[in-house]
2 protein chains.
Amino acid sequence: MKGLPYISPNAVNRLPKYLHYIQEQLEQGADRTTSAKIADTIGATSSQVRQDLGHFGNFGSQGYGYNLKELDQTVQRIIGIHVPHNIAIIGVGSIGRALAEHMDFPKYNFNLCAAFDISPKLDGTKIGGITIRHLSELPEYLENHSIDICILTVSRESAKEVAQLLYEQGIPAIWNFTNTPLDLDDKKITVQNVDFIDSLLALTYYLESSND
Amino acid sequence: MKGLPYISPNAVNRLPKYLHYIQEQLEQGADRTTSAKIADTIGATSSQVRQDLGHFGNFGSQGYGYNLKELDQTVQRIIGIHVPHNIAIIGVGSIGRALAEHMDFPKYNFNLCAAFDISPKLDGTKIGGITIRHLSELPEYLENHSIDICILTVSRESAKEVAQLLYEQGIPAIWNFTNTPLDLDDKKITVQNVDFIDSLLALTYYLESSND
């Protein structure tokens, strides 16, 4: 969605939760919802929900709430999954393999197109329905195919080098599982870092603060 | 840390970022920092930082900032990692394997004690320095060992059943990678759900909103 207003990182993190809630409601046959119900389910306040969704137009109405089908389309457009995205996995170790095997990419309009690994043993084997290619084929592949997002699941040691190659090839976005800062120009490439330890530390906080 | 004040989920998510920043600064030999520097690095505002840390006592001072060693200890206590936590991995598929092999558990005072899987082929093999046991040994193991956190990386199909077993055994916390709601009483057990797709959707939002 072009020309989006600035919304805070916390609001961005709520967008997927809106989407899951809306799609669950639609699957259950509901046709309307309210900011209060959304807020209650995702652990936000009604005014946060109204403010988040209000950034993108005026499609709820007082006393009526939101039409779920319209809201679904709107939130998909906000997130940007109304258009398809082509994905490649770079590094088929245990994390790359887990993502290829378990993620429901098509549900959100993502196409897993290719996977690469440095290991000659994996070259030509299959994962998640696609054939693994050798990492040396990556530059040529990227020149001939339009990939929007690379999932970076190489080792920590090669993270920066491979990221630099992706950057130079003009890849628009990297989903970074390497626990390594990639130090790329964030005006030219979008990087989302995934750090499992942060989630475990949040869990520990909740565990310890519940020990009253 | 017992008797913690209520802090918002967003503030909880900032705690690990404070910890990483503080520890990086200490590694670089720094001894003091300010709320402005912390805010700048982690993408929050100075007043958010002061408010978050102010929940837990008055240990910054105007014009001087924070003593990093003190702040490190305080944030570790807030998160709860000043005490060790024993961890078991339940399910050694690709995600369980990735976590066992790549997570730096000792750095944050976590002890990976055991791993379990339903596959007879894995029984007795090693991962991350520990021996994989058969899932049927889990109840007896939990009766004889004190485990604080179970990492749930079983298949979606067996998620609820295994979670129920952990709950009945009195396991205090589950780190849930199964993409399945566990429907357990959250007064008796702490559950942290990890959903990779949300991170990918946030990435897509940033990618599409940068296409102006």
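Residues numbered from 1 in each chain as written. Chains lettered and ligands numbered in written order. Predicted model: local features only at pLDDT ≥ 70, side-chain atom pairs only at ≥ 80, totals over all residues. Heavy atoms only, no water.

Draft legend 1. The arrangement of the interface of chain B and chain A in detail. Taken together, the contact pairs 63 residues of chain B with 63 residues of chain A. The tally of links from chain B across to chain A stands at two salt bridges. A salt bridge links Lys17(A) to Asp198(B); its shortest N-O distance comes to 3.5 Å. Here chain B and chain A share 11 residue pairs in polar contact (both at pLDDT 80 or more) between them. Put simply, the parts of the chain that give the side of chain B that touches chain A at least two residues each are α1 (9–27), α4 (68–79), β3 (85–90), α5 (94–102), β8 (173–176), β9 (190–193) and α8 (196–209) of chain B. Sorting elements by how many residues they give to the side of chain B that touches chain A places α8(B) first, with 14 residues. By residue class, the composition of the side of chain B that touches chain A is 38 nonpolar, 15 polar and 10 charged. (Contact = heavy atoms within 4.5 Å. Salt bridge = Lys/Arg side-chain N within 4 Å of Asp/Glu carboxyl O. Polar contact = N/O pair within 3.5 Å; in protein donor to acceptor, adjacent residues only side chain to side chain. Helix = DSSP H or I, 4+ residues; strand = E, 2+ residues; numbered from the N terminus. Nonpolar A, V, L, I, M, F, W, Y, C, P; charged D, E, K, R; others polar.)

Draft legend 2. Highlighting the pairing of strand β7 (residues 149–152) of chain B. All names here are of chain B. Along β7, one buried face is formed by Ile149 and Ile151 and the opposite face, lined by Cys150 and Leu152, is buried too. Summarising the sheet, β3 and β7 pair through four bridges and their orientation is parallel. Directly across from isoleucine 87, in β7, lies its bridge partner isoleucine 149. In terms of strand pairing, β7 meets β8 through four bridges, oriented parallel. Bridge pairing links isoleucine 151 to tryptophan 175 in β8. (Buried < 20%, exposed > 50% of the residue type's maximum accessible area, 1.4 Å probe, protein only. Pairing = 2+ DSSP bridges.)

Draft legend 3. Representation of the relation of the copies chain B and chain A in the model. Aligned on chain A, chain B shows an RMSD of 0.0 Å; the corresponding rotation is 180° and the shift along the axis is 0.0 Å. One copy is carried onto the other by what is essentially a two-fold rotation axis. For chain B, the smallest separation between a C-alpha atom and the rotation axis is recorded for Ser94(B), amounting to 2.6 Å. Here 100% of the contact residues of chain B are again contact residues in chain A; the copies associate through an equivalent surface. (Least-squares fit on C-alpha atoms with pLDDT ≥ 70 in both.)

Draft legend 4. Region of interest: α1(B). When the terminal C-alpha atoms of α1(B) are compared, their 28 Å separation across 19 residues agrees well with the 27 Å that a helix rising 1.5 Å per residue should span. Within the sequence span of α1(B), burial applies to Ala11(B), Val12(B), Arg14(B), Leu15(B), Pro16(B), Tyr18(B), Leu19(B), His20(B), Tyr21(B), Ile22(B), Gln23(B) and Gln25(B). On its buried face, α1(B) sits against α1 (9–27) and α8 (196–209) of chain A together with β1 (32–33), α2 (35–42), α3 (46–54) and α4 of chain B. Gly29(B) sits one or two positions beyond α1(B) and adopts a positive phi of about 90°. (Expected span 1.5 Å × (residues − 1).)

Draft legend 5. Focus on the environment of Gly57(B). All names here are of chain B. Mapped onto the fold, glycine 57 is located in the loop between α3 and β2 (66–67). For glycine 57, a relative accessible area of 32% corresponds to the partly exposed category. Residues glycine 57 and cysteine 150, 93 residues apart in the sequence, show an inter-C-alpha distance of 31 Å.

Draft legend 6. α2(B), seen in detail. All names here are of chain B. Looking at α2, one finds that the buried residues are Ser35, Ile38, Ala39 and Ile42. Buried positions in α2, seen along its axis, are confined to an arc of 100° and lie on one side of it. Those residues of α2 that are exposed and angled more than 90 degrees off the buried face are Asp40 and Thr41. Buried residues along α2 sit against α1, β1, α3, β2 and α4. Phi turns positive, to about 75°, at glycine 43, one or two residues after α2. (Arc of directions from axis to C-beta.)

Draft legend 7. Just the sheet that holds strand β8 (residues 149–152) of chain A, in detail. Residue and element names in this part refer to chain A. Read from one edge of the open sheet, seven strands run β6-β7-β5-β4-β8-β9-β10, paired in mixed fashion. A strand with exactly one partner marks an edge of an open sheet, and here the two such strands are β6 (126–127) and β10 (190–193). Across the sheet, helix α7 (residues 159–168) touches β4 (85–90), β8 and β9 (173–176), and the angle it forms with β8 is around 175°. (Axes fitted to C-alpha atoms, helices over the stretch in contact; angles between N-to-C directions.)

Draft legend 8. The arrangement of the sheet that holds strand β5 (residues 126–127) of chain B in detail. Pairing is mixed across the open sheet formed by seven strands, whose spatial order is β5-β6-β4-β3-β7-β8-β9 (chain B). Edge strands, defined here as strands with exactly one partner in the open sheet, are β5 and β9 of chain B. Against the sheet, α8(A) makes contact with β3, β4 (110–117), β7, β8 and β9 of chain B, and its axis sits at roughly 160° relative to β9(B), the strand it touches most.

Draft legend 9. Focus on the packing of aromatic side chains. All names here are of chain A. Counted according to the given criterion, the structure contains 11 aromatic pairs over all chains. Here the aromatic rings of phenylalanine 177 and phenylalanine 196 are separated by 6.2 Å at their centres, their planes lie at 55°, and the arrangement is tilted. Of the two residues, phenylalanine 177 sits in the loop between β9 and β10 while phenylalanine 196 sits in helix α8, which places them 19 residues apart along the sequence. Residue classification places phenylalanine 177 among the buried positions, given a relative accessible area of 5%. (Phe/Tyr/Trp six-rings, centres within 6.5 Å; stacked < 30°, edge-to-face > 60°.)

Draft legend 10. The pattern of salt bridges, seen in detail. Residue and element names in this part refer to chain B. This structure, assessed with the given rule, holds six salt bridges over all chains. Notably, a salt bridge pairs aspartate 52 with arginine 14, separated by 2.6 Å at the nearest N-O pair. Of this pair, aspartate 52 sits in helix α3 while arginine 14 sits in helix α1, placing them 38 residues apart in sequence.

Draft legend 11. Examining the confidence of the model for chain A more closely. For chain A, mean pLDDT is 90; residues scoring 70 or higher make up 94% of the total. Interface confidence in the predicted complex, given as ipTM, is 0.92; pTM for the same model is 0.82. (pLDDT = per-residue confidence, 0-100.)

Draft legend 12. Broad picture of unusual backbone geometry. Unusually for a residue other than glycine, Asn109(A) sits at a positive phi of about 70°. Its location among the elements puts Asn109(A) in the loop between α5 (94–102) and β5 (110–117). Look at Asn109(A) and you get partly exposed, because its relative accessible area is 26%. Its identity is not glycine, yet Asp183(B) carries a phi of approximately 55°, on the positive side. Looking at the element boundaries, Asp183(B) is found in the loop between β8 and β9. The exposed category is assigned to Asp183(B), whose relative accessible area is 60%.

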